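The lines below spell out each chain.
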Amino acid sequence: MKDRGGRGDQPSVDDRYTQWKSLVPVLYDWLANHNLVWPSLSCRWGPQLEQATYKNRQRLYLSEQTDGSVPNTLVIANCEVVKPRVAAAEHISQFNEEARSPFVKKFKTIIHPGEVNRIRELPQNSKIVATHTDSPDVLIWDVETQPNRHAVLGAQDSRPDLILTGHQDNAEFALAMCPIEPLVLSGGKDKSVVLWSIQDHISCLAADQVSGKSPGASSTSSKSTPKVGANGDKTADSPTVGPRGIYQGHADTVEDVQFCPSSAQEFCSVGDDSCLILWDARTGSNPVLKVEKAHEADLHCVDWNPHDVNLILTGSADNSVRMFDRRNLTSGGAGSPVHIFEGHNAAVLCVQWSPDKSSVFGSSAEDGILNIWDHEKIGKKQENAGTKAPNSPPGLFFRHAGHRDKVVDFHWNSSDPWTIVSVSDDGESTGGGGTLQIWRMIDLIYRPEEEVLAELEKFKSHILSCHS
């Protein structure tokens, strides 16, 4: 499932977009639209750099998937994140789709060996990122110490600080970093899930920065061996680390992996074999539990709830998102999800739990929509009392329709509540490039109903007193 596009024709996409843009001042607290010359297949928040009165400055990790006329790159950008209730409603909707946003500035360019399919940051130190390209290796970068490069045709690739080896075939999408220890997890076309520790390298890197050594210096547990990148060039002298474990149980390409938020030893994976597999490194390399038919088609994505470690989300080419409770899972046969969320009309590409509320998550798909759900709303009275839109799927409470093509990735901002960055690959609809959007829905949508009504009543009283 290399091609994460190819959705069916949607002739109403321009009408949908026009309608969405007219509603931006009503639905959003803040929105920034940034036109990308080249599509970015991944987007991730980095560390927050500075807090000011009206906005915060934060790193943003993107990529440039080029046509070969210039090198593929990993981009480190600085983003100005406007604080809640600061932006004027009339300003956030006045943007030019073809323009770059003043809120997003490129800070550094790393020339990447091959296109960047996936970026993941290390939770303990978000200056360390891992990337997947069209090769068996995972590349580790210290984005602060890497030199800034000028991406011109013929320029030599940047040198990764570390190369993780162990896959026997290309590993293109499935990638995760552990929230507890510096561990990296990957899946690939070899049907394997591979686990590495980069603890020694991180310690060595910290020592090198103190002593002034160059990045990528070899540590005691890694070998300095020239490796061949995706474009055939050698990433000369980058240290390599072999796997801590290789886990086999899938019958097809592994498309996504995720660590259990409360355990460095437990993780899960999904693949094109329609399976969801739970693993425990303490019990060996065989699956702990294998749900043979978690969906009706290929599984593209998985996420584990950081607030409730029993809940796991999966997204699939069958257009649905499913929520599983691991206490209720049994190996073999079809999975029994707690709920099936059906709000997309094309393959789901990305699912992610909100860091701000345990029952909220987002899902993005090839239909160009990013849906925000709250599973606690399912079956509650307010859903049936007129507050829910007609024909709206249970649990769905916000649809971000600002992209005009497949939304390939998005990321909640853990430093800035309810703020999301999302990217779409606009090649099919606009003839090239991509769109980056940073947005926050208006808080009247997600705050408790009594609180919102009290505020609106107060506002109403103020308006009436101004008129009298």
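Residues numbered from 1 in each chain as written. Predicted model: local features only at pLDDT ≥ 70, side-chain atom pairs only at ≥ 80, totals over all residues. Heavy atoms only, no water.

Asker: Whenever I open this one, the overall build of the protein confuses me. Can you help?
Answerer: Within the protein, the secondary structure is distributed over five helices and 32 strands. Buried residues in the protein amount to 56% of all 468 residues. Accessible surface, the protein as shown: approximately 19,100 Å² in total, 49% of it carbon and sulfur. (Helix = DSSP H or I, 4+ residues; strand = E, 2+ residues; numbered from the N terminus. Buried < 20%, exposed > 50% of the residue type's maximum accessible area, 1.4 Å probe, protein only. Areas by Shrake-Rupley, 256 points an atom, 1.4 Å probe, with all protein chains shown as cover.)

Asker: Help me understand the side chain of Ser101 in this model?
Answerer: With respect to the helices and strands, Ser101 occurs in the loop between α2 (89-92) and β5 (104-111). Take Ser101: its relative accessible area is 7%, and that puts it in the buried class. Sequence-distant contacts of Ser101, defined by excluding residues within four places in its chain, comprise Ala32, Asn33 and His34. (Contact = heavy atoms within 4.5 Å.)

Asker: So what exactly am I meant to see when it comes to the pairing of strand β3 (residues 55-64) here?
Answerer: In summary, the side chains of a regular strand alternate between the two faces of the sheet. Counting buried positions along β3 yields eight of 10 residues, so the element is predominantly enclosed. By the bridge criterion, five bridges tie strand β2 (residues 44-51) to β3 in an arrangement that is antiparallel. Looking at the pairing, Gln51 lines up with Asn56 of β3. Where β3 lies against strand β4 (residues 73-82), 10 bridges are found, and the strand directions are antiparallel. From the neighbouring strand, Leu60 faces β4, where its bridge partner is Ala77. (Pairing = 2+ DSSP bridges.)

Asker: Looking at this structure, how should I read the packing of aromatic side chains?
Answerer: Given two aromatic rings, one states the distance between the centres and the angle between the planes to describe the pair. Under the counting rule described, the total for this entry stands at 17 aromatic pairs. Ring centres of Phe341 and Trp373 lie 5.2 Å apart, and the angle between their planes is 65°; on these two criteria the pair is classed as edge-to-face. On the criterion of sequence distance, the pair formed by Phe341 in strand β25 (residues 339-341) and Trp373 in strand β28 (residues 370-374) is long-range, its members being 32 residues apart. With 6.4 Å between their ring centres and 75° between their planes, Phe397 and Trp418 make a pair best called edge-to-face. Here Phe397 is found in strand β29 (residues 396-400), whereas its partner Trp418 is found in the loop between β30 (407-412) and β31 (419-425), with 21 residues between them in sequence. In terms of burial, Phe397 and Trp418 fall into one category: buried. (Phe/Tyr/Trp six-rings, centres within 6.5 Å; stacked < 30°, edge-to-face > 60°.)

Asker: Got a minute to help me understand the confidence of the model for the protein in this structure?
Answerer: Reading fine detail from the predicted coordinates is not recommended where pLDDT is low. Summary statistics for the protein give a mean pLDDT of 89 and a share of 86% for residues scoring 70 or more. Scored below 50 in pLDDT, residues 214-222 makes 26 contacts in the model with residues more than four places away or belonging to other chains. Long-range and interchain partners of residues 224-234, a stretch whose pLDDT sits below 50, account for 29 contacts in this model, where long-range means more than four residues apart. (pLDDT = per-residue confidence, 0-100.)

Asker: Hey, could you run me through helix α1 (residues 13-27) in this one?
Answerer: A turn of α-helix holds 3.6 residues, and therefore any two residues three or four places apart point the same way. The axis of α1 is deflected most strongly, by about 30°, at Lys21, and proline Pro25 appears within four residues downstream. Turning to α1, its buried residues are Val13, Tyr17, Trp20, Lys21 and Val24. (Bend = angle between axes of the 7 residues up to and from the residue.)

Asker: Would you mind showing me how to read the sheet that holds strand β19 (residues 263-271) here?
Answerer: Whether parallel or antiparallel, the strands of a sheet pair through hydrogen bonds between backbone atoms. Sheet architecture is open: four strands sit in the order β18-β19-β20-β21, paired in antiparallel fashion. In this open sheet, the two edge strands, each paired with only one partner strand, are β18 (254-260) and β21 (289-291). Neighbour to neighbour, the strand axes of the sheet diverge by 15° on average, direction disregarded. Judged from the three bridges that link them, strand β20 (residues 276-280) and β21 form a sheet pairing that is antiparallel. (Axes fitted to C-alpha atoms, helices over the stretch in contact; angles between N-to-C directions.)

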